[in-house]
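A closer look at the structure
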Amino acid sequence: MSLSKSKPKPDQQPESDSNTSLSSSTEIGMNISVQHAKPDNTISDELSFVHDAVLLQETVAAVLGIKCLPKQKNGMEAENSLQVSGIYVDATFGRGGHSRLLLSQLAADAQLIVFDKDPTAIAVAQELASTDSRVHVVHDSFATLTDSLAAMGITQVDGLMADLGISSPQIDDGSRGFSFMRDGAVDIRMDTSRGQSVAEWLEQVDDETLANVLYEFGEERHSRRIARAIKQMDSYQSTLELADVIKAAHPNWQRGKHPATQSFQAMRIFINNELGDVDDFLEQSIPILKAGGELAVISFHSLEDRRIKQFLQRHSKGQYPEDESLPMPPKRPRYFSKPKRIGPSKAEVNRNPRSRSAWLRVATRTDTGYQQIVEQ
Ligand SMILES: C[S@@+](CC[C@H](N)C(=O)[O-])C[C@H]1O[C@@H](n2cnc3c(N)ncnc32)[C@H](O)[C@@H]1O
């Protein structure tokens, strides 16, 4: 992933915006309630961690193109009431909260393709697929959307949903390295089957590049001095040691917020190419969605939400930005209509405080045929 050069220099930067600042009880922007810590990282133990899906009904209703899901008398969603046919994608299966609710509304002839980078999430998805023939599992990034679907003979789908970021099980399992509160290897990869761990990257990265990553993806204003301290470490074997070094190098931090929050977020976003993957996914959603198909994406910090917002603005306004040298601004294709943003209800935030930073953005694909545009 390339780092933008237009930003002010690290260590001279303003405070991160409030949306990106993650609160004390929230480690690295995840969206779920903490479940139980556990002693080792075997797949069967990892499967025992639970994920409390955020904006669950709202997202599933949105991807089906309806206002809300039908309810039973007891207030629960009525299972199998909609019987919707078609092909749907859950780009971030996790523990399958959104997938399972969507499946409960899909007809027997529908298909649900689920993606995840995480091998443990994929093990859970495969278990589900073994009992539900509508489910097809892809262990890869959602950035491979077009190619992965093409490999299954699918060129268009009726709905796409994504719940970005990391899951509760990923952070609760200290051995994965996502947590600065639990000790583990400095890995921080979602997909432990490929790519470089953060420890491997830290071994070879120079101070300046590290500082730029901490600033760019964590909006860490003290990135230079933190980068220097990290590079002075003898080895990168323990997340708690790394968090302690960051804490010692940090001159001041927000009350109630661990000083390593932004640095860990930055390294996580960088090593997993999170923003690049989101950009690729969004671009591919245009040709992949059928006319009338729905895009529903949940994000947890402003770096992601801004991208989704700008993408939908770009493709729903029907015009290029004004160019004063031209008498009439040229028209650009309107690929999406009705973009909207939905936040969690008060009740959800009370029940699951980590949902408070979540935004769901939804839009409907228009019938405008796709033409690839080369941006200037
Ligand atoms: C917030 S969790 C999703 C939780 C899920 N909606 C549920 O209800 O259980 C995000 C999941 O997305 C996965 N993920 C993040 N980025 C990804 C990417 N680029 N491609 C595929 N999976 C990704 C993570 O591994 C994680 O399991």
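The present account deals with the structure reproduced in this document. Predicted, not measured: the structure shown is a model, and the values here were computed from it.

Okay, the sheet that holds strand S4 (residues 157–163) next. Reading across the sheet, the seven strands line up as S3-S2-S1-S4-S5-S7-S6 and stay open at both edges, with mixed pairing between neighbours. Looking at strand neighbours, the two that pair on one side only are strand S3 (135–139) and strand S6 (336–342), the edges of this open sheet. Taking the axes of each pair of neighbouring strands and ignoring which way they run, one obtains an average angle of 15° across the sheet. The pairing of S6 with strand S7 (residues 359–365) spans five bridges and is classified as antiparallel. The residue bridging Lys340 from the neighbouring strand is Val362, located in S7. In the packing of helix H4 (residues 119–131) onto the sheet, the strands contacted are strand S2 (111–116) and S3, and the crossing angle to S3 comes to about 160°.

What follows concerns the site of the ligand. Within the structure, the ligand sits among 23 residues, and Ala53, Thr92, Gly94, Gly97 and Asp163 are positioned closest to it. Secondary-structure elements contributing two or more residues to the shell around the ligand are helix H3 (97–103) and S2.

The subject of this paragraph is helix H12 (residues 274–288). Its 15 residues give H12 an end-to-end C-alpha distance of 21 Å, which sits within 8% of 21 Å, the value for a rise of 1.5 Å per residue. All of the buried residues in H12 are Glu274, Asp277, Val278, Phe281, Leu282, Ser285, Ile286 and Ile288. In this structure, the buried residues of H12 make contact with helix H5 (145–151), S4, helix H11 (261–271), strand S5 (289–299) and helix H13 (302–314).

Core analysis: the largest hydrophobic core is formed by 59 residues, its most contacted members being Val114 and Leu160. Excluding residues that lie within four positions of it along the chain, Leu160 makes contacts with Val89, Ala91, Ser285, Ile288, Leu289 and Leu295. Core analysis: the next-biggest nonpolar cluster, separate from the first, contains 30 residues, Ala260, Phe264, Ile271 and Leu303 among them.

Contact geometry of H12 with H13 gives a least axis separation of 10 Å together with a crossing angle of 20°. Judged on the interaxial angle alone, H13 and H12 are roughly parallel. As for the relative orientation of H12 and H13, their crossing is right-handed in sense. Touching Leu275, Val278, Asp279 and Leu282 of H12 are Leu303, Glu304, Arg307, Ile308 and Phe311, all from H13. The class makeup of the residues in the contact of H12 with H13 is six nonpolar, no polar and three charged.

What follows deals with the environment of His136. The topology assignment puts His136 in strand S3. Accessibility expressed as a C-beta count within 10 Å gives 18 for His136, which makes it partly exposed. C-alpha of His136 to C-alpha of Ile113: the two residues are 23 residues apart in sequence and 4.8 Å apart in space. Not counting the four nearest positions on each side in its chain, His136 is found in contact with Gln111, Ile113, Ala129 and Met152.

As a further point, take the packing of helix H8 (residues 207–218) against H11. At a minimum axis distance of 8 Å, the contact between H8 and H11 shows a crossing angle of 95°. With respect to their mutual orientation, H8 and H11 come out roughly perpendicular. On H11, the residues touching Val213, Leu214, Phe217 and Gly218 of H8 are Gln262, Ser263, Gln265, Ala266, Met267, Ile269 and Phe270.

What follows deals with unusual backbone geometry. Phi is positive for Leu55, close to 50°, though the residue is something other than glycine. Among the secondary structure elements, Leu55 is positioned in the loop between helix H1 (43–46) and helix H2 (56–63). The phi torsion at Glu219 lies on the positive side, around 50°, for a residue other than glycine. Mapped onto the elements, Glu219 comes out in the loop between H8 and helix H9 (223–231). Accessibility expressed as a C-beta count within 10 Å gives 22 for Glu219, which makes it buried.

The next point concerns H13. In an α-helix, one turn spans 3.6 residues, which is why side chains three or four residues apart end up on the same side. In this model H13 runs 17 Å from its N-terminal to its C-terminal C-alpha over 13 residues, within 8% of the 18 Å that 1.5 Å per residue would give. Those residues of H13 not exposed but buried are Leu303, Glu304, Asp305, Ile308, Phe311 and Leu312. Contacts made by the buried residues of H13 are with H8, H12, S5, S6 and S7.

The rules behind these values
Residues numbered from 1 in each chain as written. Predicted model: local features only at pLDDT ≥ 70, side-chain atom pairs only at ≥ 80, totals over all residues. Pairing = 2+ DSSP bridges. Helix = DSSP H or I, 4+ residues; strand = E, 2+ residues; numbered from the N terminus. Axes fitted to C-alpha atoms, helices over the stretch in contact; angles between N-to-C directions. Contact = placed C-beta atoms within 7 Å. Near = placed C-beta within 6 Å. Expected span 1.5 Å × (residues − 1). Buried ≥ 20, exposed ≤ 12 C-beta atoms within 10 Å, placed from the backbone. Core = buried A, V, L, I, M, F, W, Y, C linked by C-beta atoms within 7 Å. Parallel < 35°, antiparallel > 145°, perpendicular 65-115°, else oblique. Left-handed = near helix turned anticlockwise from the far one by under 90°. Nonpolar A, V, L, I, M, F, W, Y, C, P; charged D, E, K, R; others polar.

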